Each structure stands twice: as structure tokens, then as C-alpha cells.
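# Reading the structure
Residue strings, one per chain:
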Amino acid sequence: MKILITGAGGQLGHELVDAANQAENEVVGLTRAQLDVTNRGAVQQAVTAARPQVIIHAAAWTAVDACEGDAAKAMLVNATATQHVVDAARHVGARVVYIGTDYVFDGTKPNPYLETDTPNPQSVYGVSKLAGEQALDLALDSVVRISWVCGYHGANMVKTILRLAAEHDTLTFVDDQIGNPTMADDAARMIVHLATEQSGGIWHVTNQGVVSWYEFAREVLRAAGLDPARVRPIPTRDLMPPRPAPRPANSVLENQALRDAGIALLDNFHVPLSRLVNRLRLG
Ligand SMILES: NC(=O)c1ccc[n+]([C@@H]2O[C@H](COP(=O)([O-])OP(=O)(O)OC[C@H]3O[C@@H](n4cnc5c(N)ncnc54)[C@H](OP(=O)(O)O)[C@@H]3O)[C@@H](O)[C@H]2O)c1
């Protein structure tokens, strides 16, 4: 299939390009420098020139705390630009796979979030990403919601935890936010599979295994051969300074749509985490 990927220079975008190539598709990966998705004319031109069958739309403004201070920019990049991508896709008969987020939920549900649960975002980023979802025609296009993404490229919590461990004896992480850590390469392979084999609907795609950030930091240290006891728990309310954007206390995404479709779920996060930590340590 011919697949166009936006945000190809990002953490997930890199892995999407690799995964789509490995699955022997024809791939057009466009970084922000090559395609600014907020430029409607440029999106039309790029999509018309490439004539893809599927567009995986991974470009987004992902700086969650910065979004809180500039709602107009968040809406432009995450919502209006998604409408540009969908409109251009319709023009060439392509469908869109939009990368969504756990931040569309308020985190108050006592159990994992299903694809059918009603979103209620609490942050500007979450509001803007939900508005992006609403630009899609779910009979044709798909939303793939992912969470707590970490990979080899770009900034993420695995890299932050390893850096902090190199600089400090003890590390503190919140123990009252839980989620499914998801490695970018695993997520990318599943997203490409869904993009080529399925059409339409909302899909939750995560590695399996639920932890708090505190427990995750311990797992990262363990994977790096360091002492996990160096990590101390704190509650979110004691974070200094407090983060501008609220985070869902429960970010756990049940992968119900994958189960219903009979698609094998991704591994427990421990498997790709140790692969990632080894890769980062080898440089
Ligand atoms: N990271 C997570 O934990 C997580 C969780 C749930 C969902 N997601 C979603 O997953 C997708 C990929 O995120 P990621 O983790 O790979 O973040 P990322 O590394 O920040 O990737 C996003 C990419 O989009 C690009 N971009 C920003 N504004 C753009 C514009 N106007 N036109 C074109 N490209 C633009 C960025 O370029 P610059 O770097 O040059 O700005 C970056 O390369 C996003 O849709 C995000 O909302 C991420």
C-alpha cells in the first residue's frame, strides 16, 4: 500500500516510517520541515502529489504543559490541521489513521478505559486532541489511541529517568498516576498493521502491563542494571513546581477493539523496555 506519514521526524513518526517500510509498503514520510500540517494548501498539495491510500497522521503539538498556555496554537496544530489532512485525504480517496491519546479521558474511571467510553479531557492538549478525533469519519478513518510512549528517537520518560539516575542518588516519581507504558516501535508496528488491514473505528493500542510512574521508574532502573530502591514515591499534589496541565490519574487503556478483532495484543512492556534500554545504552 502507499502510506503517507505526517510528523515523520517525531518519536513515533520515525518508528512508523521504519515499520511501514519493513512491512513492504510504499512510504512517503514527511517531517515538519517537509510538511507543516497547519498549512492547508501545503497539505492538499503534498497529498495530491503522493496519492496515498492511507495517511497516518502522527504530527501534533505534544508539549502538554506548553499547550496549557496557548490553546489557540494547540487547536490549530492538533485539531484544525487534522481537518486539513482529512479533507485532503477525501480529495484522493484515502483514509486517515489519526494518533490519539489517553489524555482525552478524565482519569476518574476505576477500571481501564474502553474505546466506547465517553471522553472528558481535562487539559488543553486533551481537548485539542479530542477535537482532532472529531474531524474524522469513523466509518472510514481510524483513531488509534496510545499512551505513555517511549522510544529511541526524541524525548521521553525512559531517557529522562536514565538521565536523572546518572545525575542523582535518589529519584522521585508520582505513584498516583497509572497507565500502560508503550514502546514506540511496538506501537508503530500495530498502527501500520491496522492502517493496512482494517478500516474505521477507535482502537486502543498499548503494551500490556499497568504501573504508576514510580513503578515504571523502578522498572527502567532495573532494566538498566541499577538499584530500583533509589526511586521514591510522591503524590501528584506534592510535585514542585506543580505541572500546568492536569494528567489523568487513570490512563489505562483496555485494548478491547483488538481483542474483539482477534488481533494479538502487544507484549508486556517489560519486553520492549529492556530492548529499548539496551539500545539507548549502546548509543
Ligand atoms: N508521547 C506520548 O506519550 C503520546 C501519548 C499518546 C498519544 N501521542 C500522540 O502520538 C503522536 C506522536 O507523538 P510523539 O510522541 O511521536 O511526539 P513528537 O516526537 O513530538 O512527534 C510529533 C511530531 O509532530 C511534529 N509537528 C509539530 N507541529 C507540526 C506541524 N505544524 N506540522 C507538521 N509536523 C508538526 C513535531 O515536529 P517538531 O518536533 O519539529 O515540533 C514532531 O516531529 C501525536 O499525535 C501524539 O499526540 C503521544
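Think of each chain on its own: its residues are numbered from 1, step by step along the sequence as written. The predicted nature of this model means local features are confined to residues of pLDDT at least 70 and side-chain atom pairs, given and counted, to a pLDDT of 80 or more, with totals for whole chains, interfaces and linings taken over all residues. Side-chain calculation: all heavy atoms of the structure are included, whereas hydrogens and water are not.

Put simply, the grid is 1 Å and covers the protein atoms alone, a cavity is a trapped set of points that fit a 1.4 Å probe, a pocket is an open set with protein on both sides within 12 Å along at least five of seven lines, and lining residues have an atom within 4 Å of a point. Grid points are joined across faces, edges and corners, and a volume is the space filled by probe spheres set on the points. The calculated volume of the largest pocket comes to roughly 1,600 Å³. In this text, helices come from DSSP runs of H or I with a minimum length of four residues, and strands from runs of E with a minimum of two, each type numbered from the N-terminal end. Those elements that provide at least two residues to the lining of the largest pocket are α1 (11-22), α3 (64-68), α4 (71-92), β4 (95-101), α5 (124-133), β6 (149-150), α6 (157-167) and β7 (171-174). Considered class by class, the residues forming the lining of the largest pocket number 26 nonpolar, 15 polar and eight charged. Counted as a void, the second largest pocket has a volume near 190 Å³. In this classification, the charged set is Asp, Glu, Lys and Arg, the nonpolar set is Ala, Val, Leu, Ile, Met, Phe, Trp, Tyr, Cys and Pro, and all remaining amino acids, among them Gly, are polar.

Now for α5. Only protein chains enter the calculation, and the probe is 1.4 Å; a residue is then buried if its accessible area is under 20% of its type maximum, exposed if over 50%, and partly exposed in between. The buried fraction of α5 amounts to nine of the ten residues, a majority that puts the element mostly inside the structure. Those residues of α5 not exposed but buried are Val124, Tyr125, Gly126, Ser128, Lys129, Leu130, Ala131, Gly132 and Glu133. Two residues qualify as a contact provided that any one of their heavy atoms is within 4.5 Å of a heavy atom in the partner residue. Against α3, α4, β4 and β5 (142-146) lie the buried residues of α5.

A few words on the pattern of salt bridges. By definition here, a salt bridge exists when the distance from a side-chain nitrogen of Lys or Arg to a carboxyl oxygen of Asp or Glu is within 4 Å. Tallied over the entire structure, the rule returns 14 salt bridges. In this structure, Arg243 and Asp65 form a salt bridge, with 3.4 Å as the shortest nitrogen-oxygen distance. Taken together, the positions of Arg243 in the loop between β12 (231-234) and α9 (256-260) and Asp65 in helix α3 put the pair 178 residues apart, joining distant regions of the chain. Looking at Arg243, the relative accessible area reads 46%, which means it is partly exposed. With a relative accessible area of 22%, Asp65 lands in the partly exposed category.

Omega for the bond connecting Met240 with Pro241 falls within 30 degrees of zero, at -5 degrees, which places this linkage in the cis form. Along the chain, Pro241 turns up in the loop between β12 and α9. In this structure, Glu24 is a non-glycine residue whose phi angle is positive, near 60 degrees. For Glu24, the position within the fold is in the loop between α1 and β2 (26-30). A residue is classified by how much of its surface remains accessible, and Glu24, at 72% relative accessible area, is exposed.

This next bit is on the pairing of strand β3 (residues 54-57). The side-chain alternation of β3 yields two buried faces, one formed by Val54 and Ile56 and the other by Ile55 and His57. Two strands make a pair as long as DSSP finds a minimum of two bridges between them. Here four bridges tie strand β1 (residues 2-6) to β3, and the two strands are oriented parallel to one another. Residue pairing in the sheet places Ile3 in a bridge with Val54 of β3. Note that β3 and β4 share four bridges and pair parallel. Bridge pairing in β4 links Ile56 to Val97.

All right, on to α4 then. Since the α-helix packs 3.6 residues into each turn, any two residues three or four apart lie on the same face. Its 22 residues give α4 an end-to-end C-alpha distance of 31 Å, which sits within 8% of 32 Å, the value for a rise of 1.5 Å per residue. By the burial criterion, the buried members of α4 are Ala74, Val77, Asn78, Ala79, Ala81, Thr82, His84, Val85, Val86, Ala88, Ala89 and Val92. Summarising the contacts, the buried residues of α4 are in contact with α2 (40-50), β3, α3, β4 and α5. Following α4 by one or two positions, Gly93 adopts a phi angle in the positive range, close to 75 degrees. The span expected for a helix works out to 1.5 Å for each residue beyond the first.

Tallied over the entire structure, the rule returns one cavity of 30 Å³ or more. Empty space within the largest cavity amounts to approximately 30 Å³. Around the largest cavity sit Asp102, Tyr103, Trp148, Gln177, Ile178, Trp213, Arg247, Pro248 and Ser251, which together line it. Residues that form the lining of the largest cavity fall into these classes: five nonpolar, two polar and two charged.

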